[in-house]
Amino acid sequence: MKTTVSHKIELGNIEPLLFFGQNDCNLRLIEDRFETRVFARGSTIFLEGDEDEVEAIADILLQLISIANRGNIIGRQDVLYLLNAANTTKSRAAGGEKNHPAGRYPTKGDVVYHAVGGNKPIRPKTAGQRKYIQAIQKKDIVFGIGPAGTGKTYLAVAMAAAALKSRQVERIILVRPAVAAGENLGFLPGDLQEKVDPYLRPVYDALYDMMGVQKVRTLLSSRVIEVAPLAYMRGRTLNNAFIILDEAQNTTIPQMKMFLTRLGFDSKAVVTGDITQIDLESKEKSGLVGIQQILRAVSGVEFVYLEQTDVVRHRLVQSIIQAFEVHEKSTSATRTPETHSPETFTS
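Here's what I pulled together on the structure shown here. In this text, all values refer to a predicted model and were calculated from it rather than measured experimentally. (Residues numbered from 1 in each chain as written. Predicted model: local features only at pLDDT ≥ 70, side-chain atom pairs only at ≥ 80, totals over all residues. Heavy atoms only, no water.)

1. A word on the overall build of the protein
Logical step 1: The helix and strand tally for the protein stands at twelve helices and eleven strands.
Logical step 2: In the protein, buried positions account for 46% of the 347 residues.
Logical step 3: If you take every contact in the protein between residues at least 6 apart in sequence, the share linking residues at least 24 apart comes to 70%.
Logical step 4: When the accessible surface of the protein is split by element, carbon and sulfur atoms take 51% of a total near 18,100 Å². (Helix = DSSP H or I, 4+ residues; strand = E, 2+ residues; numbered from the N terminus. Buried < 20%, exposed > 50% of the residue type's maximum accessible area, 1.4 Å probe, protein only. Contact = heavy atoms within 4.5 Å. Areas by Shrake-Rupley, 256 points an atom, 1.4 Å probe, with all protein chains shown as cover.)

Next up, the structure:
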């Protein structure tokens, strides 16, 4: 039999409107997930419902209060992240594994880079993104693997911009497979830059957002920032550089080996990709899939896996990713034993 209880939580010095959101929308997000009644009077939040639910909601609210006390404004994404994290924690705890998100949520001090004008701090927004940033800070080669919208490329570019600004590196090199397979650029009009530009538009957008269009153009013209297709990396040694390989799921294993062996002195490489969106004719030959097994035990290399809960785009993106995962799992269940999915090597 369920026990009904009442509980109240005080906000203290936090401005209620900034915490609750417009028309108490943040509280409504929580209430929609539970049967417990959640409402506010002044700076006090009241909970009325099942004892276990009240305890779970109180835990989420205390985490949000902790985040707000660090100088952050509570937004929809913050609430959804903690709700999803609580669900994950509950399911793992049922299996005997504890993975509480408290204490691992990004803080005000996690700023990676200040964008144009210095008034737009770029910081990780989820625990997964924070782990990704910390890995890039500590390791020379980092793989960021996860679905669309998890900030893999954007945060890598922010880290590169910060490294350039602090003179940890002398240049930024942006690399991407130019086409789905084979990198046959000959049919595209224009010079090399014009051929590659369409494939690197997301990276350019991130750079423009952080540095401003004019500064990026100046750095491109002086080759402080260099953009190149993966095929043009062969034979080079890249010293004092921050190198980003984007869309790495569309590389082959030989291409991945070629890229990783370009790393020179005082350089750092970040490889990003989504193994659920492989455009190669044979998905099993993806370099991003195979490299996880090959480099798993290599010291100085780290693989960071971002998940649905790390998506920071429109709220529907998480639902879309989840729907595709359900569809792919049901499809893979009917495959023959000889067929392997790209998830074979995922840890």
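Still to come is the rest of the account.
2. Some points on the sheet that holds strand β11 (residues 301-305)
Logical step 1: Strand order in the open sheet formed by six strands is β8-β7-β9-β10-β6-β11, with parallel pairing between adjacent strands. Since the sheet does not close on itself, it has two edges, and those belong to β8 (225-229) and β11, each with one partner. Each adjacent strand pair in this sheet contributes to an overall mean axis angle of 15 degrees, direction not counted. (Pairing = 2+ DSSP bridges. Axes fitted to C-alpha atoms, helices over the stretch in contact; angles between N-to-C directions.)

3. A few points about the packing of helix α5 (residues 127-138) against helix α6 (residues 152-165)
Logical step 1: Running from amino to carboxyl end, α5 crosses α6 at an angle of 40 degrees, the nearest separation of the two axes being 11 Å. Classified by the interaxial angle, the pair formed by α5 and α6 is oblique. As for the relative orientation of α5 and α6, their crossing is right-handed in sense. In this structure, α5 uses Gln129, Tyr132, Ile133, Ile136 and Gln137 to contact α6, whose residues at the interface are Lys152, Leu155, Ala156 and Met159. (Parallel < 35°, antiparallel > 145°, perpendicular 65-115°, else oblique. Left-handed = near helix turned anticlockwise from the far one by under 90°.)

4. A word on the packing of aromatic side chains
Logical step 1: Counted by the stated rule, this structure contains five aromatic pairs.
Logical step 2: For the ring pair Phe39 and Phe46, a centre distance of 5.3 Å and an interplane angle of 15 degrees mean the geometry is stacked.
Logical step 3: On the accessibility criterion, Phe46 (22% relative accessible area) is partly exposed.
Logical step 4: An aromatic cluster of three or more residues is present, and its members are Phe143, Phe303 and Tyr305.
Logical step 5: Lying over the aromatic face of Phe39, Arg37 brings its terminal NZ or CZ to 4.1 Å of the ring centre. (Phe/Tyr/Trp six-rings, centres within 6.5 Å; stacked < 30°, edge-to-face > 60°. Lys NZ or Arg CZ within 6 Å of the ring centre and 35° of its normal.)

5. Notes on the nonpolar core
Logical step 1: Ranked by internal contacts, the top residues of the largest apolar core, which has 38 residues, are Tyr113, Tyr132, Leu174, Leu207, Met210, Met211 and Phe242.
Logical step 2: With ten residues, the single largest contributor to this core is α6.
Logical step 3: If we skip the residues at most four places from it in the chain, Leu174 touches Leu200, Val203, Leu207, Ile225, Glu226, Val227, Ala228 and Ile244. (Core = buried A, V, L, I, M, F, W, Y, C linked by side-chain atoms within 4.5 Å.)

6. Quick word on empty space enclosed by the protein
Logical step 1: Scanning all chains against the criterion turns up one cavity of 30 Å³ or more.
Logical step 2: A volume near 30 Å³ is recorded for the largest cavity.
Logical step 3: If you trace the largest cavity, you find it lined by Leu238, Ile243, Phe259, Leu260, Arg262, Leu263 and Ala269.
Logical step 4: In terms of residue class, the lining of the largest cavity is built from six nonpolar, no polar and one charged. (1 Å grid on protein atoms, 1.4 Å probe; cavity = no way out; pocket = protein on both sides within 12 Å on 5 of 7 lines; lining within 4 Å. Points joined across faces, edges and corners; volume = space filled by probe spheres on them. Nonpolar A, V, L, I, M, F, W, Y, C, P; charged D, E, K, R; others polar.)

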